[in-house]
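# Report on the structure
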Amino acid sequence: MFDAIVIGTGQAGPALAARLAGAGRKVAIIERAKFGGTCVNDGCTPTKTLVASAYAAHLARRAGEYGVAIPGAVGVDMKRVKARKDAVVATSTGNVEKWMREAKGVTVFRGHARFTGRNTVKVGEEELSAPQIFINVGGRPLVPKMPGLETVPYLTNVSIMDVDFVPEHLLVVGGSYIGLEFGQMYRRFGSRVTVLEMGPRLIAREDEDVSQALKEILEAEGIEVRLGAECLSAAKDGSGIAIGLDCKDGAPKARGSHLLLAVGRVPNTGDLGLDAAGIAADKRGYIEVDEALRTSNPGVWALGDCNGKGAFTHTSYNDYEIVADNLLSNAGRKWTDRIPAYALYTDPPLGRIGMSEAEIRQQGLKALVGKRPMSRVSRAVEKGETRGFLKIHVEEGSQRILGAALLGTSGDEAVHSLIDALYSRIPHPEFRRRVRIHPNVSELLPTVLEDLAPLGGQGWNSV
Ligand SMILES: Cc1cc2nc3c(=O)[nH]c(=O)nc-3n(C[C@H](O)[C@H](O)[C@H](O)COP(=O)(O)OP(=O)(O)OC[C@H]3O[C@@H](n4cnc5c(N)ncnc54)[C@H](O)[C@@H]3O)c2cc1C
């Protein structure tokens, strides 16, 4: 009998187990695969490590622009690229395992966990019980229903981690966050890359100008982008793969040597025995939770990607903070207090906070927009990285900042000053008064707000 059981060692589970144990509770934590889950093994950590190698290759090819001579062609040794990535991942996953095994009051169980009752879980031959159970089982890549897919080999964001060669021509199905990071990375490693996106534009959740700018950036690097790629089918094509597509323009087939599926993720909840514990999930398998992340079984909480309230490491970790603070300090915290913020790690990256244009319109808000191309940001000019733009939306009457899209060098870092501004609800004139460091991308954010125009008008102020 334990005080608490944690299922899964993703971004919420280990921290929660350690905190509960630190408060004197007897905790069991169960992991069926690799410690640290998606972020550490197949997500953030390896992809950003690979993105760094791809950036180094890209910059080396551009060395001449900076007056730096690199004789001969720039080559990429994928075995070394992979070894570097593997080393970073091994340290991270090893640290999580060590942390859990050494934490006083935490007992580690290895194997698949499944509910057998409202407060009991089976792992291997053992049945564990606890009055409080925390689910942090994450998700896995979605393999879409595509005619012919069973006849061809394909990669997912998990299996591509074993690739130690440069594919001749990588076909990427899915033009959203994961697909674009891999697409640009492999182009820079030396592959030909074709991105096939079903929708009319890339990263469809973003504003149209963001989608368009990113498409141009990727195309300028030689990536082929096929939009409106509907009715996909797969077939063998000699030693490669052909994807049939029903695009409005272009050839009816895209041919390549390798195929990466990047069309989304599904929660790992189908094999958890949720029914036995009286835990409700929605049609897509996401566990239903209230504002405090409690499930329909009041002794069970769901944290991280499996509750559908976020799909990021920082949202999963924030779930842990909410649950722990509520249980140990009666803090009354809610996930609904979270402001959506995330980054896309293409080069240049996209830093995002708050509402998109579509969301602003949906809510019927009267908004103003400020926008400035990166070619007018001195730090970007000095770095020779002037692609993209900075864009901030504000509400006309209240002067509150509604959201921002920073597509440009350091956009993933610069967005944090806006994250702080949104959480502290400061009106934009006050945000502008704060003196920032020169030369920095962040120092231009007040300038973006100097020249605001009505959203939807002709107010493209600074191009
Ligand atoms: C390619 C890629 C890139 C990404 N990049 C970023 C990024 O840059 N920034 C960012 O914020 N997010 C990123 N993400 C998302 C991020 O990885 C996840 O949101 C994050 O890992 C949170 O996951 P989690 O805590 O819900 O669970 P996970 O990390 O998925 O962990 C769940 C764990 O539970 C275990 N498990 C599952 N079922 C059971 C069971 N029945 N019994 C025992 N154990 C079980 C699994 O083995 C796994 O270890 C990326 C994702 C992908 C795929």
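In case you missed it, the structure is sitting above this.
Notes on the structure follow. (Residues numbered from 1 in each chain as written. Predicted model: local features only at pLDDT ≥ 70, side-chain atom pairs only at ≥ 80, totals over all residues. Heavy atoms only, no water.)

A few words on the nonpolar core. Of all hydrophobic cores here, the largest spans 48 residues; its most connected members are I5, I7, I30, F115, F134 and I135. The element best represented in this core is helix 1 (residues 13-22), accounting for 5 residues. Once residues within four sequence positions are removed from consideration, I5 is found in contact with A28, I30, V121, L128, S129, A130, Q132, I133 and F134. Among the nonpolar cores identified, the runner-up in size contains 36 residues, and L155, Y186, V210 and I223 belong to it. (Core = buried A, V, L, I, M, F, W, Y, C linked by side-chain atoms within 4.5 Å. Buried < 20%, exposed > 50% of the residue type's maximum accessible area, 1.4 Å probe, protein only. Helix = DSSP H or I, 4+ residues; strand = E, 2+ residues; numbered from the N terminus. Contact = heavy atoms within 4.5 Å.)

Ordered by their spatial adjacency, 6 strands build an open sheet running 18-19-22-21-20-23, and the pairing between neighbours is antiparallel. If you trace the sheet from one side to the other, it starts and ends with strand 18 (341-344) and strand 23 (453-454), each paired once. When strand 20 (residues 367-373) meets strand 21 (residues 389-395), the two strands line up antiparallel, connected through 7 bridges. Bridge pairing in strand 21 links P373 to F389. (Pairing = 2+ DSSP bridges.)

A full pass over the atoms with the stated rule returns 26 salt bridges. Across the pair D319 and R338 runs a salt bridge, and its minimum N-O distance is 2.8 Å. Of the two residues, D319 is situated in helix 7 (residues 313-329) and R338 in the loop between helix 7 and strand 18; the sequence distance between them amounts to 19 residues. Assessed through its relative accessible area of 16%, R338 is described here as buried. We note a salt bridge from E396 to K366, for which the minimum N-O separation is 3.9 Å. Of the two residues, E396 sits in the loop between strand 21 and strand 22 (401-407) while K366 sits in the loop between helix 8 (357-362) and strand 20, which places them 30 residues apart along the sequence. The network of salt bridges with common partners includes D207, D209, E357, R361, K371 and K391. (Salt bridge = Lys/Arg side-chain N within 4 Å of Asp/Glu carboxyl O.)

Let's shift gears to helix 7. Between the first and last C-alpha of helix 7 there are 23 Å, a value that for 17 residues agrees with the 24 Å anticipated at 1.5 Å per step. For helix 7, the complete set of buried residues consists of T315, S316, N318, D319, Y320, I322, V323, A324, D325 and N326. Those residues of helix 7 that are buried lie in contact with helix 1, strand 7 (132-135) and strand 17 (300-302). Of the residues one or two after helix 7, N330 is the one with positive phi, at around 50 degrees. (Expected span 1.5 Å × (residues − 1).)

Turning our eyes to something else, we now look at the site of the ligand. In the vicinity of the ligand, 38 residues are found, and the nearest of them are E31, T38, K48, D305 and S316. A distance of 2.7 Å is found between an oxygen atom of the ligand and a backbone nitrogen or oxygen belonging to D305. At 3.2 Å from an oxygen atom of the ligand is found a main-chain nitrogen or oxygen belonging to F312. Protein contacts shield 94% of the accessible area of the ligand, which totals 1000 Å² for the unbound molecule. (Near = heavy atom within 4 Å. Polar contact = N/O pair within 3.5 Å; in protein donor to acceptor, adjacent residues only side chain to side chain. Areas by Shrake-Rupley, 256 points an atom, 1.4 Å probe, with all protein chains shown as cover.)

Let's shift gears to helix 10 (residues 411-423). Counted at 1.5 Å a residue, the expected span for helix 10 with its 13 residues is 18 Å, and the 18 Å between its end C-alpha atoms agrees. At S417, helix 10 shows its maximal bend, which comes to roughly 25 degrees. G411, D412, A414, V415, L418, I419, A421 and L422 are the residues of helix 10 that are buried. The inward-facing, buried residues of helix 10 abut strand 18, strand 19 (350-354), strand 21, strand 22, helix 11 (428-433) and helix 12 (445-448). R425, located one to two residues past helix 10, shows a positive phi value of around 55 degrees. (Bend = angle between axes of the 7 residues up to and from the residue.)

By themselves, these figures tell us nothing about what the structure is for.
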